[in-house]
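# A look at the structure
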Amino acid sequence: MPLIMAVCVIVGILIGTFCANHFAGDRLQIINSGSSRLTNLLHVIDDQYVDAVDIDSLVDRSIPQILSELDPHSVYIPASEATQASDELKGSFSGIGIEFNIREDTIRVQNVIANGPSERAGLLAGDKIVSVDGKTFVGKDVTNEKAIKTLKGPEGSKIKVGVLRYGSKKEHIYEITRGNVVQHSITSTYMLNEETGYIKIRNFGENTFAEFLSSLAFLSQSNAKSLVIDLRDNTGGLLQAVVLMANEFLERDQLIVYTQGRKVAREDFRADGRGSYKNIPLVVLTNEISASASEIFAGAIQDNDRGTIIGRRSFGKGLVQQQIGFSDGSLLRLTVARYYTPSGRCIQKPYEPGKGAQYEEDLLQRYQNGEIYSADSIHNNGKAFKTSIGRTVYDGGGITPDIFVPEDTTSMTSYYKEAAMSGLILQYAFNYTDRNRNALKKYKDSESLDKYLKTLPLVEEFADFAESKGMQRRNLMIQKSHTLFERYIHSRIIYNMLNDNALMQYLNQDDKAIEEALRVFENGTSRPTLKTSFFLPCPADFRDNILYSGSCMC
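My aim in this report is to walk through the structure given alongside it, one point at a time. (Residues numbered from 1 in each chain as written. Predicted model: local features only at pLDDT ≥ 70, side-chain atom pairs only at ≥ 80, totals over all residues. Heavy atoms only, no water.)

Our focus in this paragraph is the packing of aromatic side chains. The final tally for this structure, using the stated rule, is 14 aromatic pairs. Ring geometry for Y416 against F485: centres 5.0 Å apart, planes inclined by 75 degrees, an arrangement best described as edge-to-face. Of this pair, Y416 sits in helix α12 (residues 414-422) while F485 sits in helix α18 (residues 482-497), and the two are 69 residues apart along the sequence. F485 carries the same exposure label as Y416, and that label is buried. (Phe/Tyr/Trp six-rings, centres within 6.5 Å; stacked < 30°, edge-to-face > 60°. Helix = DSSP H or I, 4+ residues; strand = E, 2+ residues; numbered from the N terminus. Buried < 20%, exposed > 50% of the residue type's maximum accessible area, 1.4 Å probe, protein only.)

Okay, the side chain of K200 next. Looking at where K200 falls in the secondary structure, it is placed in strand β11 (residues 196-201). In terms of polar contacts, K200 uses its side chain to reach the backbone carbonyl oxygen of R232, at 2.6 Å. In this structure, K200 is in contact with S185, I186, T187, S188, D230, R232, D233 and M504, ignoring residues within four places of it in sequence. (Polar contact = N/O pair within 3.5 Å; in protein donor to acceptor, adjacent residues only side chain to side chain. Contact = heavy atoms within 4.5 Å.)

A few words now on the pattern of salt bridges. Enumeration according to the criterion identifies 24 salt bridges in this entry. Between E104 and K469 there is a salt bridge, with its nearest N and O atoms 3.1 Å apart. Of this pair, E104 sits in the loop between β3 (98-103) and β4 (106-112) while K469 sits in the loop between α16 (458-468) and α17 (475-480), and the two are 365 residues apart along the sequence. Put simply, R519 and E516 hold a salt bridge, and the shortest N to O gap is 3.0 Å. Here R519 and its partner E516 are both found in helix α20 (residues 512-523), three residues apart, which amounts to about one turn of the helix. Using a relative accessible area of 30% as the deciding quantity, one classes R519 as partly exposed. (Salt bridge = Lys/Arg side-chain N within 4 Å of Asp/Glu carboxyl O.)

Note that every value here comes from positions in space, so none of it alone points to a role or purpose.
What follows is the structure, encoded as structure tokens:
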């Protein structure tokens with residue numbers, strides 16, 4: 001009997017191995033052989049290559065190439081960048097609490113976060129950080145990445161920074177105890193007029209919903225009877241945050257979004273009916289940068305005919321990433337499913353595996369095709385779907401707004417583009433603020449500060465500054481773009497002296513998308529009907545380079 005049992009076990013193993021290798025295991029065999037080849041290749045390189053090779057670094061550079069053959073949003077994050085990537089969604093991090101940029105090889109403090117470690121230590125906006133822990137920290141090797149890595153650190157740890165302050169040649173040393181620094185998702189909340197509230201959301205993180213409820217409470221106390229939610233330039237974030245936010249506006253069992261993938265079963269996210277703002281008139285603003293979670297929210301509002309979407313077609317990211325951590329601290333964000341709006345459309349724009357550069361050039365193509373300037377240039381080539389009341393919407397490339405607002409190019413010149421893209425306007429505005437902080441301190445809001453700045457020849461001063469930096473002066477172009485220059489310069493000075501809320505109040509005062517939203521509320525047409533159509537109002541302001549300050553936080 002023992003002999004018979006032993007023979008049976010051996011025969012079973014042989015049969016199982018044969019079946020695994022020749023029938024059900026074809027795909028497994030390919031994966032095993034492929035991974036074995038990669039492992040063997042790394043061993044051979046490490047053992048026999050002519051020069052010494054950092055295998056870890058080689059793997060870090062190779063994995064993104066493999067993922068690029070899948071889709072544009074599956075990414076690998078090395079361990080050195082994982083903490084920063086996670087901080088973006090957590091809504092807080094441990095650091096010294098400043099917003100900075102690097103000009104002329106030197107860290108310049110753009111803003112000191114209120115009640116943060118640096119403010120408690122005595123740092124001021126405009127300070128230049130020239131040393132860290134007794135060692136010089138200036139020069140071309142001081143990059144944003146290096147500065148963030150150096151200035152961030154464990155909560156409770158100490159760091160000494162040497163600072164040069166405007167008007168003083170003496171270096172001042174400040175010891176800062178690193179602490180928890182909050183990154184707010186909502187950058188602006190205020191009343192547009194006596195009845196309309198406004199909320200600007202930068203991204204969707206762990207604290208977004210709590211901040212959103214706080215903003216809604218503030219606006220309710222201000223007697224807001226209608227609401228504008230600004231998702232322009234919001235690139236997305238956490239699914240749970242946007243689901244909670246949409247829940248505030250939808251009726252019980254209305255679908256917000258659903259996800260589905262090859263290995264991921266369909267999962268529906270529905271409103272629970274407990275939202276407190278199911279009846280407030282609502283407008284959502286989007287543009288070509290609005291992506292992912294922003295599109296989920298806009299799609300839920302549009303497909304349920306709950307409010308009006310105003311602006312320009314959104315980015316078109318409808319892929320779901322699952323985050324997987326490796327033992328070395330690195331992260332993999334792998335696409336495992338797709339998002340679908342309530343009507344059933346996937347708003348992911350088309351892509352070809354391995355052609356990431358072409359995918360990234362989509363926004364440039366929109367400019368070249370005229371879509372940013374004309375609603376007639378929007379081509380809906382996707383499949384048609386129906387909203388809850390029967391309006392036609394399309395998949396395959398973002399959320400197309402109910403009311404289109406183009407970008408204004410009437411005052412645009414090549415000189416202005418060069419000045420904006422080169423960063424010279426940012427440099428000039430920061431330098432001006434730094435030189436005149438005492439004079440600017442007495443203006444406590446954007447309106448009074450803007451009024452004062454209009455009495456000064458700032459555009460002409462900028463032209464002189466740009467010329468000193470090697471940019472040829474073009475007087476006719478300066479005159480044509482004078483309003484754009486003034487708007488950009490004033491906005492940066494207002495931001496430097498005040499805050500995000502003041503900046504948005506300044507930018508929104510003549511924003512055409514805001515004007516359209518107010519018109520919709522005035523006409524009582526925020527909830528779409530079958531007669532709702534796309535139309536072309538007056539041009540919008542040129543916002544892009546104003547909002548991208550290029551600053552970092554640590």
